[in-house]
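# Descriptive structure summary
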Amino acid sequence: MKIQLYYVYILTTNLNRVLYTGITNDIKRRVFEHKNGLNDGFTKKYHVHKLVYFEVFDYVDLAIAREKQIKGYSREKKIKLIEAKNSGWKELLV
């Protein structure tokens with residue numbers, strides 16, 4: 001039996017100017033969708049598709065709570081969160 005995992009992630013633009021926080025149960029598929037503009041909305045409009053941060057959760061309610069928490073952070077706090085794990089803002093491959 002496969003265990004379902006949930007991911008809270010942060011995407012940015014190539015120049016790291018815009019931050020987007022999201023949640024998914026399939027990080028590879030979701031990043032592919034963002035990169036290829038498959039869903040209309042904020043990330044497509046602003047070309048936000050570079051994965052720079054993610055966390056993994058076993059329970060969807062914990063992931064949702066964390067997504068809400070990060071979305072409530074100031075830009076400065078989000079930057080500190082990213083830089084604690086990815087100081088060079090390199091694109092993470094999943």
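Residues numbered from 1 in each chain as written. Predicted model: local features only at pLDDT ≥ 70, side-chain atom pairs only at ≥ 80, totals over all residues. Heavy atoms only, no water.

## A look at the overall build of the protein chain
When helices and strands are tallied, the protein chain shows four helices and three strands. For the protein chain, the succession of helices and strands along the chain, N to C, is β-β-α-α-β-α-α. Taking the principal axes of its C-alpha atoms as reference, the protein chain extends roughly 40 × 30 × 20 Å. Looking at the protein chain residue by residue over its 94 residues, the buried ones come to 37%. For the protein chain, the proportion of contacts with a sequence separation of at least 24, taken over those separated by at least 6, is 61%. Summed over all atoms, the accessible surface of the protein chain reaches about 6200 Å², with 54% contributed by carbon and sulfur. Here the protein chain contributes 18 positively and 10 negatively charged side chains, and the mean placements of these two sets differ by 5 Å. (Helix = DSSP H or I, 4+ residues; strand = E, 2+ residues; numbered from the N terminus. Buried < 20%, exposed > 50% of the residue type's maximum accessible area, 1.4 Å probe, protein only. Contact = heavy atoms within 4.5 Å. Areas by Shrake-Rupley, 256 points an atom, 1.4 Å probe, with all protein chains shown as cover. Lys, Arg positive; Asp, Glu negative; His and termini not counted. Charge placed at Lys NZ, Arg CZ, Asp CG, Glu CD.)

## Overview of helix 4 (residues 75-85)
Structurally, the α-helix is built with 3.6 residues per turn, so residues lying three or four positions apart point the same way. Taken as a whole, helix 4 has its buried residues at Lys78, Leu81 and Ile82. Angular distribution of buried residues about the axis of helix 4 spans 95°; they occupy a single face of the element. What points out from helix 4, more than 90 degrees from its buried face, is the exposed set Glu76, Lys80 and Ala84. Here the buried face of helix 4 lies against strand 1 (6-12), strand 2 (19-24), strand 3 (50-57) and helix 3 (60-71). (Arc of directions from axis to C-beta.)

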